[in-house]
Amino acid sequence: MNKAVNDGVWSGSWVAERLGVGLVGDPELTDLLGLALRRNPKRAHLLVSNVLGKHVPQSPSIVYGYGFTLGRRVRELLGAEESARAVVLGYAETATGLGHAVADGIAVAPYLHSTRRPVPGVATAGGFEESHSHATSHLLLPEDPELLAGEGPLVLVDDEFSTGNTVLNTIRDLHERYPRDRYVVVALVDMRSAADAGRLDQFAAEIGARVDLVAAASGTVRLPAGVLEKGQELVARYETEGAGAGSRSSAAPSGLAAQFPAPLKTNLDANPLGARGTARPAPTGPQSTHNRITRVELRWPHNLPDGGRHGFTPQHRIRLEHALPAMAARLAEALPADAHRVHTLGFEELMYAPLRLARELEQVVDADVTYSTTTRSPVLAVDDPGYAIRTRLTFPAHDNPADGPGDRYAYNIAGAGFDAVVAIIDSRADTPELHGLLAQLAAHTPHVILAVVPSYVPERPPMLPEPLRGPAFSSYAPEEVGWLLQDLSDVTLEAPVEEREEAIQSGGAHYAESLPVEYQPSEQYQELFHTALDEAAGRLALAVGAVTELVLAERSPHPVLVSLARAGTPVGVLMRRWAQHRHGLDLPHYAVSIVRGRGIDANALRYLAAHHDPADVVFVDGWTGKGAITRELADAIREFEESDGITGFDPEIAVLADPGSCVKTYGTREDFLIPSACLNSTVSGLISRTVLRSDLVGPHDFHGAKFYRELAGVDVSVDFLDAVAARFPEVTDAVATLAKELLAADRTPTWEGWAAVERISEEYGIHDVNLVKPGVGETTRVLLRRVPWKILARAGAGADLDHVRLLAEQRGVPVEEVAELPYTCVGLIHPKYTRGATGADGKAVAV
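Residues numbered from 1 in each chain as written. Predicted model: local features only at pLDDT ≥ 70, side-chain atom pairs only at ≥ 80, totals over all residues. Heavy atoms only, no water.

A.B. asks: With reference to specific residues and values, describe the overall build of the chain.
C.D. replies: The helix and strand inventory of the chain stands at 22 helices and 33 strands. In the chain, which comprises 847 residues, the proportion classed as buried is 60%. Accessible surface computed for the chain: about 31800 Å², of which carbon and sulfur atoms make up 51%. (Helix = DSSP H or I, 4+ residues; strand = E, 2+ residues; numbered from the N terminus. Buried < 20%, exposed > 50% of the residue type's maximum accessible area, 1.4 Å probe, protein only. Areas by Shrake-Rupley, 256 points an atom, 1.4 Å probe, with all protein chains shown as cover.)

A.B. asks: Run through helix α3 (residues 60-83), naming residues and quoting values.
C.D. replies: When the terminal C-alpha atoms of α3 are compared, their 26 Å separation across 24 residues is substantially less than the 34 Å that a helix rising 1.5 Å per residue should span. Among all positions of α3, only P60, I62, V63, Y64, G67, L70, G71, V74, L78, E82 and S83 are buried. Looking at the packing, one finds that the buried side of α3 touches α4 (96-106), β8 (154-161), β9 (182-190), β10 (210-222), α10 (352-364) and β13 (368-373). (Expected span 1.5 Å × (residues − 1). Contact = heavy atoms within 4.5 Å.)

A.B. asks: Now, about the environment of G105: what can you tell me, with residues and values included?
C.D. replies: Its location among the elements puts G105 in helix α4. Considered as a pair, G105 and G71 are 34 residues apart in the sequence and their alpha carbons are 4.0 Å apart. G105 has contacts with F68, G71, R72 and R75, leaving out every residue within four places of it along the chain.

A.B. asks: Explain the packing of aromatic side chains residue by residue, including any values.
C.D. replies: When we look at a pair of aromatic rings, we describe it by the centre distance and by the angle of the planes. Counted by the stated rule, this structure contains 13 aromatic pairs. Both rings, one in W14 and one in Y238, keep their centres 5.1 Å apart while their planes meet at 85°; by these two values the pair is edge-to-face. Residue W14 is found in helix α1 (residues 13-19), and its partner Y238 is found in helix α8 (residues 227-240); the two are separated by 224 residues along the sequence. Its relative accessible area of 9% is what places Y238 among the buried residues. (Phe/Tyr/Trp six-rings, centres within 6.5 Å; stacked < 30°, edge-to-face > 60°.)

A.B. asks: Tell me about the sheet that holds β13, and name the residues and values.
C.D. replies: The strand order β11-β17-β16-β12-β13 describes an open sheet built from 5 strands, whose pairing is parallel. A strand with exactly one partner marks an edge of an open sheet, and here the two such strands are β11 (293-296) and β13. Along the sheet, successive strands turn relative to each other by an average axial angle of 20°, direction set aside. In this sheet, strand β17 (residues 448-453) lies alongside β11 in parallel orientation, the contact comprising 4 bridges. Bridging from a neighbouring strand, V296 pairs with A451 of β17. Across the face of the sheet, helix α9 (residues 314-334) comes into contact with β11, β16 (420-426) and β17 while running at roughly 160° to β11. Contacting β11, β12 (341-346), β16 and β17, helix α11 (residues 434-442) runs over the sheet at an angle of about 145° to β17. (Pairing = 2+ DSSP bridges. Axes fitted to C-alpha atoms, helices over the stretch in contact; angles between N-to-C directions.)

A.B. asks: Requested: an account of the pattern of salt bridges, with residues and values cited.
C.D. replies: Side-chain pairs of opposite charge can arise where the charged atoms are in close proximity. Scanning the model with the defined rule gives 32 salt bridges in all. With its nearest N and O atoms 3.1 Å apart, the salt bridge here joins R356 to E321. In this pair, R356 sits in helix α10 while E321 sits in helix α9, placing the two residues 35 residues apart along the sequence. One continuous salt-bridge network, built from bridges that share partners, spans D104, R317, E321 and R356. (Salt bridge = Lys/Arg side-chain N within 4 Å of Asp/Glu carboxyl O.)

A.B. asks: Give me the lowdown on helix α14 (residues 568-583), citing residues and values where you can.
C.D. replies: Counted at 1.5 Å a residue, the expected span for α14 with its 16 residues is 22 Å, and the 22 Å between its end C-alpha atoms agrees. Of all 16 residues making up α14, 12 are buried, and the element is well covered by its neighbours.

A.B. asks: Explain the pairing of strand β15 (residues 407-411) to me, using residue names and the numbers behind them.
C.D. replies: Here β15 lies mainly inside the structure; 4 of its 5 residues are buried. Relative to β15, strand β14 (residues 392-396) runs antiparallel, the two sharing 5 bridges. The residue of β15 that forms the bridge with P396 is D407.

A.B. asks: Now, about the sheet that holds strand β1 (residues 22-25): what can you tell me, with residues and values included?
C.D. replies: Sheet strands associate in pairs through backbone hydrogen bonding, adopting either a parallel or an antiparallel arrangement. The 6 strands lie next to each other as β1-β10-β9-β8-β4-β5, forming an open sheet whose pairing is mixed. Strand pairing shows two members of the sheet lacking a second neighbour, β1 and β5 (111-113), which therefore form its edges. Between one strand axis and the next, the sheet turns by 30° as a mean value, whatever way the strands run. The pairing of strand β4 (residues 87-90) with β8 spans 4 bridges and is parallel. Residue V88 lies in a different strand from β8, and its bridge partner there is V155. Each of β4, β5, β8 and β9 is contacted by α4, which is oriented at about 135° to β8, the strand it contacts most.

A.B. asks: Describe the nonpolar core, and please don't skip the residues or the numbers.
C.D. replies: With 134 residues, the main nonpolar core has V155, L331 and Y387 as its most contacted residues. Top contributing element to this core by residue count: β9, with 7 residues. Core analysis: the next-biggest nonpolar cluster, separate from the first, contains 73 residues, V683, V691, L721 and L783 among them. (Core = buried A, V, L, I, M, F, W, Y, C linked by side-chain atoms within 4.5 Å.)

A.B. asks: Hey, could you go over the confidence of the model for the chain for me, with residue numbers and the actual values?
C.D. replies: Detailed reading of predicted coordinates is not advised where the pLDDT is low. Residues of the chain with pLDDT of at least 70 account for 88%, and the chain-wide mean is 85. Every residue in residues 131-136 scores below 50 in pLDDT, and together they form 21 contacts with partners more than four places removed in sequence or on other chains. Ignoring residues within four places in sequence, the model shows residues 834-847, a span with pLDDT below 50, making 47 contacts including any to other chains. (pLDDT = per-residue confidence, 0-100.)

A.B. asks: With reference to specific residues and values, describe the packing of helix α5 (residues 165-177) against helix α7 (residues 199-207).
C.D. replies: Following both chains from N to C, one finds α5 and α7 inclined at 10°, their axes separated by 11 Å at the closest point. With respect to each other, α5 and α7 are oriented roughly parallel. Every residue of α7 that contacts α5 at N165, L168, I171, R172 and H175 is listed here: R199, L200, F203 and I207. Within the contact of α5 with α7, the residues separate by chemical class into 5 nonpolar, 2 polar and 2 charged. (Parallel < 35°, antiparallel > 145°, perpendicular 65-115°, else oblique. Nonpolar A, V, L, I, M, F, W, Y, C, P; charged D, E, K, R; others polar.)

A.B. asks: Can you explain the environment of R116? Please cite residues and give values.
C.D. replies: Relative to the assigned elements, R116 resides in the loop between β5 and β6 (126-129). Residue R116 is classed as buried on the basis of its relative accessible area of 13%.

A.B. asks: Quick rundown of unusual backbone geometry? Include the residues and the values.
C.D. replies: Cis geometry marks the peptide bond from A92 to E93, where omega comes out at -5°. Looking at the element boundaries, E93 is found in the loop between β4 and α4. Cis geometry marks the peptide bond from A565 to R566, where omega comes out at 0°. Within the secondary structure, R566 sits in the loop between β22 (560-564) and α14. Even without a glycine there, the phi angle at A107 is positive, about 80°.

A.B. asks: Which residues make up the packing of α14 against helix α17 (residues 717-725), and what are the values?
C.D. replies: Close contact between α14 and α17 brings their axes to 10 Å; oriented N to C, the two are set at 40°. In this view, α14 runs oblique relative to α17, as classed from their interaxial angle. Seen from above, α14 lies across α17 with right-handed handedness. Listed contacts from α17 to P570, V573, L574 and R577 of α14 are F720, L721, D722, V724 and A725. Residues belonging to the contact of α14 with α17 are distributed by class as follows: 7 nonpolar, no polar and 2 charged. (Left-handed = near helix turned anticlockwise from the far one by under 90°.)

A.B. asks: Please provide a residue-by-residue account of the pairing of β13, values included.
C.D. replies: Within β13, 5 of the 6 residues are buried, leaving the element largely enclosed by the surrounding structure. Taken together, β12, α10 and β13 constitute a β-α-β crossover, and its handedness is right-handed. (Right-handed = clockwise from strand over helix to strand, strands pointing away.)

A.B. asks: Account for the side chain of K706, with residues named and values stated.
C.D. replies: Here K706 is to be found in the loop between β29 (704-705) and α17. Residue class for K706 comes out buried when judged on its relative accessible area of 6%. Among residues more than four places away in sequence, those in contact with K706 are F473, L488, S489, V491, T492, L493, E494, L515, L686, I687 and S688.

Here you go:
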């Protein structure tokens, strides 16, 4: 039936009669919704839910029951297995409690709601815009940064699904960061127009995901031409006439309170609060509000989140269920014995905790209990039985909002005849400005009870450890480099190359989750290394000096060198030594992990930002191939800025050699042998490649690596550094000349290397640039720790490739000379083993 309990009037009839707006669809729509007007440039009318617990006082059991039932429907839709992998996301502010109730219905899903309250120290995991709202920006601030990163279904909950814009904006933003193959949209009412109805399916097809919709009722809003202008005119006229909107308190005469019936039910749209709202000032003097306000200590469980702003897990839900009876009993003790009508009032985004307390209170007191919350949203109040917002209380914001002071509102409470109002806020809102709300409530009820829930703020992550240094970690001197890594030396991570590649391919594991067995060079190969070092040391010293001078001239006079472990580490040490030799500078130098498909170690960036100016940080690597790490670092820095709000890091890498033309800060663009590329840990301080595996590296840990202490007898790390640094004096003048030439030259990256790799990939029928490793350094890596297919060598290449030819012979890999090759050599990885392991995301794809 579409009538109110007490007088048979639908609470949307006032707007419908004046603007021609109507609801078309399921019969229960008019039981669930009323209509009101608001000052909004995009949408004058407002659908007012009778079962949401926001604007209209309602039985908390009914409010909670609607959300919980929708959650049960989602669980049935997904099935037990998918439900266990799901995450529920609710929208601020109106659907924070609804979304939480949906998560309760699913039972096994964690919950997060968006927020308009930034929290210092909590990284942003995303954000989106709500186009028709008066306050559009939503933030996502999960305590666990991995909460949204899973592959299970994402359940998005809002009170109404009108145009679909908000949901599409959310999915678009999150899908770019955390792609998944299924989404479920949940709403109390689906009110999309015919034009909007097909957009969800179209969008799902575009992103390649399934999108389901679950709603309690559906229909559309009939909007005649010119309704926006007519609505705005109507709002302006009633505000001017003072129809319950312009004063601090809109209330009905007290004599009409007797007409108020029991709590609103699902088919009740509004109660007659009396004549058009008349302002009644708050009492003063001896009968001041302070004499009628009772503060109750809830004894909220320690460290239990007050809601889903930072995430709420099934384990949190269990703790809350155990604590609710005792907390409700404390509220019941504070109520007057003769209270028959009790209203619980939540606070803006704090909807769930007040709702659960109200529902528990409803079970233990002999009184009718209703529930609603305060809001940011300004709505016109008209005291008419056919209008959804009969009265409104206006009071100052009292939680020090980030967007500054402003008015806040509570609807349909003034003049409603409540014997007591229980106001439940969070501690962030327990400020001197709260008096404004309490005074308004005390003017309309004889008893105000205040309960404060502690605002949950995630504990700041533990202080990151100091860098690891030699000789405890690495064979470098402690002042040469600090490793922003954790020591995994005691963990077995190695496997034979072929076995490792096959395991990665079949299991979809990431290449950084294991390590290849360290190659132990033969005596012949070691002789090649020392010969190459003797011949190339002067050339290396010239490149080291040139790139260091470019850094000092263009990047920072006091740079913080941050090498990309591990190939960049010897270069970073040499650059630090050059700065000491030539300028007397003692530069900080660190080594950090970067992983293809996973980005740079964010905790390492946090450490650097805490100890240095990010603008002084210069990332260092040995050489460029086709530029994959260059792009990886740029993407990772951009994501870090978005997540942490820390800016200033320059993703431009400084390298010794840039044969791929991928960077503008380099010592040379020639593709020549850098002897440190010939070996693995034994030329890099006895440190392994970096490791990133979830069971070993937690959210607040640095990435890991191993220190191969047992290889100390064959370690040449310091020998390599000393051999190059010994040539610094003899190249000082040449470095000055080369640096001057480079500073005057156009060094804009052309990405010629990437283009060449794409061409080689197609010419050799590989069709995957990630299987093509260009340059002497990358080719050496292929031979040392991958499954090579063949080596392409530029015709006429001399001693730079002696070690490559030897390794190829030892592994039975053909070397094919090519007349026109932009690199000295190119390594091709065997597709049989590594097609997936070397993909853009570093993962395998089963074949």
